[in-house]
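This is what each chain is made of:
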Amino acid sequence: MALEISFSDKTFTNTSHTLQEFSEISLELRRDVIKSLYLAKSGHSGGSLGMADIFAVLFFGGILRYNPANWQWEKRDKFVLSAGHIAPILYATLARAGFFPTKELATLRKLHSRLQGHPALDANLPGIETSAGSLGQGISIALGMAMTHKLIDRTDQLVFSVTGDGEIEEGSVWEAAMAAGNYNLSNLCWIVDNNDCQIDGRVHQVMSIYPIADKFKSFNFNVITIDGHNYNEILSAFNTFKENAKTSDKPTCIIAKTYMGKGISFMEDDYKWHGMPPNEEQARKAFNELEKMQQQIKSLNL
Ligand SMILES: Cc1ncc(C[n+]2csc(CCOP(=O)(O)OP(=O)(O)O)c2C)c(N)n1
């Protein structure tokens, strides 16, 4: 029987959640990623799945301030996905936050869809602050937003941006880092998805970016290293950043140790899943694994 894909219209609130709830939200996001990539027959599975736990906390843990009903609300915090290729996790998150109907997730990468393979500003998808995909550029745009909020408009708006660890092999990101430190942009939270995987190998083998923490410290950042799949550590890092934004004159870098493909056994920690969608058999396996995980989470009563 052919695999039938549908998207529930469930949305999640941006408030405090239990660990159990965060696990369930992340599972839903992972399911959405698998579904939309399976339907698209192309796209980036590994990084999207690996960042699901961080997106769950950032968008549904009361960290990022946004209003899906009026998404261009002028006091909103900004989120910029510099690693534009992991758009599937951003789209799933925005849909589950109520920015647009969840059924639109079925249109990923289709002609004329608002959900292009990389976020596209001219597609007019609510929640997309900038186009991205050319690695290294989004973080400089985020930097500009942080400068505007802190130095020109003098508002308390925060700017969050995700870069990959392969992405930080791009030279321009270090100019952004230097400027963020130099201009004391304490309202900037730079999240590095440190899965040590990129398009064609291990990051440390392609071109080492280590030690990452020392590099950011030398550019005047507060650096927090976390397990990017541990909800308590993710929450605590974001709360520390929010405190830093008020009391410190340094930007914050969260180095999130993650696993590419996290949650799907045959994709985990394998760079070959950087830019590959699941085929039918793999999608079935993935749904089974996520279902099993859902049952386990229910029984754990976290
Ligand atoms: C300027 C630029 N060069 C090359 C690419 C092609 N490219 C897309 S993703 C990628 C690897 C990025 O690795 P990482 O940031 O670690 O992302 P992950 O593999 O963890 O998803 C490359 C080289 C690009 N999009 N932009």
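Before reading on, note that the structure itself is shown above.
Residue positions are counted from 1 within each chain, in the order its sequence is given. Under the rules for a predicted model, residues below a pLDDT of 70 receive no local features and side-chain atom pairs below 80 are neither given nor counted, while totals for whole chains, interfaces and linings still include all residues. Side-chain calculation: all heavy atoms of the structure are included, whereas hydrogens and water are not.

> Account for the overall build of the protein chain, naming residues and giving values.
Secondary structure summary: the protein chain contains ten helices and seven strands in total. For a compact globule the rule gives 2.2 Å times the number of residues to the power 0.38, and the radius of gyration it is set against comes from C-alpha atoms. What you see for the protein chain is a C-alpha radius of gyration of 18 Å, in line with the 19 Å of a compact globule of 302 residues. Expressed as lengths along the three principal axes of its C-alpha atoms, the size of the protein chain is roughly 60 × 45 × 45 Å. Only protein chains enter the accessibility calculation, which uses a 1.4 Å probe. A residue is then buried if its area is under 20% of the maximum for its type, exposed if over 50%, and partly exposed in between. Within the protein chain, the proportion of its 302 residues that are buried is 57%. We call two residues in contact whenever any of their non-hydrogen atoms come within 4.5 Å of each other. In the protein chain, of all internal contacts separated by at least 6 residues, the share reaching a separation of at least 24 is 76%. For the protein chain, the accessible area works out to roughly 12,800 Å², and carbon and sulfur atoms hold 51% of it. Distance from the positive charge centre (29 side chains) to the negative charge centre (34 side chains) of the protein chain: 3 Å. Numbering of helices and strands starts at the N terminus; helices are DSSP runs of H or I of at least 4 residues and strands are runs of E of at least 2. Per-residue and other accessible areas were derived by the Shrake-Rupley procedure at a 1.4 Å probe size, with only the shown protein chains allowed to occlude residues. Only four residue types enter the tally: Lys and Arg on the positive side, Asp and Glu on the negative side, with His and both chain ends excluded. Where a charge sits is defined by one atom per residue type, namely NZ (Lys), CZ (Arg), CG (Asp) or CD (Glu).

> Please set out the sheet that holds strand S6 (residues 222-227) residue by residue, giving values where relevant.
Here, a strand pair is defined by DSSP locating no fewer than two bridges between the strands. What the five strands build is an open sheet, ordered S1-S2-S3-S7-S6; its pairing is parallel. In this open sheet, the two edge strands, each paired with only one partner strand, are strand S1 (78-81) and S6. The average angle at which neighbouring strand axes cross in this sheet is 20°, direction not considered. For strand S3 (residues 188-194) and strand S7 (residues 252-257), the ladder comprises six bridges, and the chain directions are parallel. Bridged to Trp 190 within S7 is Cys 253. Fitting a line to C-alpha atoms yields each axis, with helices limited to the stretch in contact; the angle taken between N-to-C directions then spans 0 to 180 degrees.

> Hey, could you go over a nonpolar patch on the surface for me, with residue numbers and the actual values?
Patch membership requires over 30% relative accessible area and the absence of a salt bridge. Like charges are linked within 9 Å, and nonpolar side chains (Val, Leu, Ile, Met, Phe, Trp, Tyr) within 5 Å. One side-chain nitrogen of Lys or Arg within 4 Å of one carboxyl oxygen of Asp or Glu is enough to make a salt bridge. Together, Leu 151, Ile 152 and Tyr 183 make up an exposed nonpolar region whose accessible area comes to about 300 Å². With respect to the element layout, Ile 152 can be found in helix H5 (residues 137-152). Exposure remark for Ile 152: the relative accessible area of 63% places this residue in the exposed category.

> I'd love a proper account of the site of the ligand, names of residues and values included.
Taken together, 16 residues are adjacent to the ligand, and His 85, Gly 133, Gly 166, Asn 195 and His 274 come closest. Whenever a nitrogen or oxygen atom comes within 3.5 Å of another N or O atom, the pair is scored as a polar contact, on the condition that within protein one atom can donate a hydrogen and the other can accept it, and that pairs from neighbouring residues in sequence are kept only if both atoms are in side chains. Interatomic distance of 2.8 Å between a side-chain N/O atom of His 85 and an oxygen atom of the ligand. Taken by itself the ligand offers 590 Å² of open surface, and the protein chains cover 77% of this. Only Asp, Glu, Lys and Arg are considered charged in this grouping, and only Ala, Val, Leu, Ile, Met, Phe, Trp, Tyr, Cys and Pro are considered nonpolar; every other residue, Gly among them, is considered polar. Among the residues making up the shell around the ligand, the classes are represented as four nonpolar, nine polar and three charged. When at least one non-hydrogen atom of a residue lies within 4 Å of a molecule or strand, that residue is treated as near it.

> Lay out helix H6 (residues 172-182) with the relevant residues and their values.
Those residues of H6 that sit buried are Val 173, Trp 174, Ala 176, Ala 177, Ala 179, Ala 180 and Gly 181. Buried residues along H6 sit against H5, S3 and helix H8 (212-218). Asn 184 sits one or two positions beyond H6 and adopts a positive phi of about 55°.

> Pulling in residues and values, what's your account of the pairing of S3?
Across the seven residues of S3, seven count as buried, placing the element largely inside the fold. Inspection of the sheet shows strand S2 (residues 159-164) paired to S3 by six bridges, in the parallel sense. Bridging across to S3, Thr 163 finds its partner in Val 192. In terms of handedness, the path from S2 via H6 over to S3 forms a crossover that is right-handed. Crossover handedness is defined by viewing with both strands directed away from the observer: a clockwise path from the first strand over the helix to the second marks the crossover as right-handed.

> Explain the environment of Thr 163 to me, and be specific about the residues and the numbers.
Its place among the elements puts Thr 163 in strand S2. Taking the relative accessible area as the measure of exposure, Thr 163 reaches 0% and is therefore buried. Considering only alpha carbons, one finds Thr 163 and Gly 84, 79 residues apart in sequence, at a separation of 8.6 Å. Apart from the residues within four sequence positions on either side, Thr 163 is in contact with Ser 82, Ala 83, Ile 139, Ile 168, Trp 190, Ile 191, Val 192 and Asp 193.

> Can you break down the nonpolar core residue by residue, with the values?
Here, the term nonpolar core denotes a set of buried Ala, Val, Leu, Ile, Met, Phe, Trp, Tyr and Cys residues that are joined through side-chain atoms within 4.5 Å. In terms of nonpolar packing, the biggest core is built from 69 residues, with Phe 59, Phe 79, Tyr 91, Phe 100, Phe 160 and Phe 238 touching the most fellow members. Element by element, the count of residues in this core is highest for helix H1 (residues 19-40), at nine residues. Setting aside residues no more than four positions away along its own chain, Phe 59 makes contact with Asn 14, Leu 64, Tyr 66, Phe 79, Leu 90, Thr 93 and Leu 94. Val 80, Ile 139, Val 203 and Cys 253 belong to the second-largest nonpolar core, a separate cluster that totals 26 residues.

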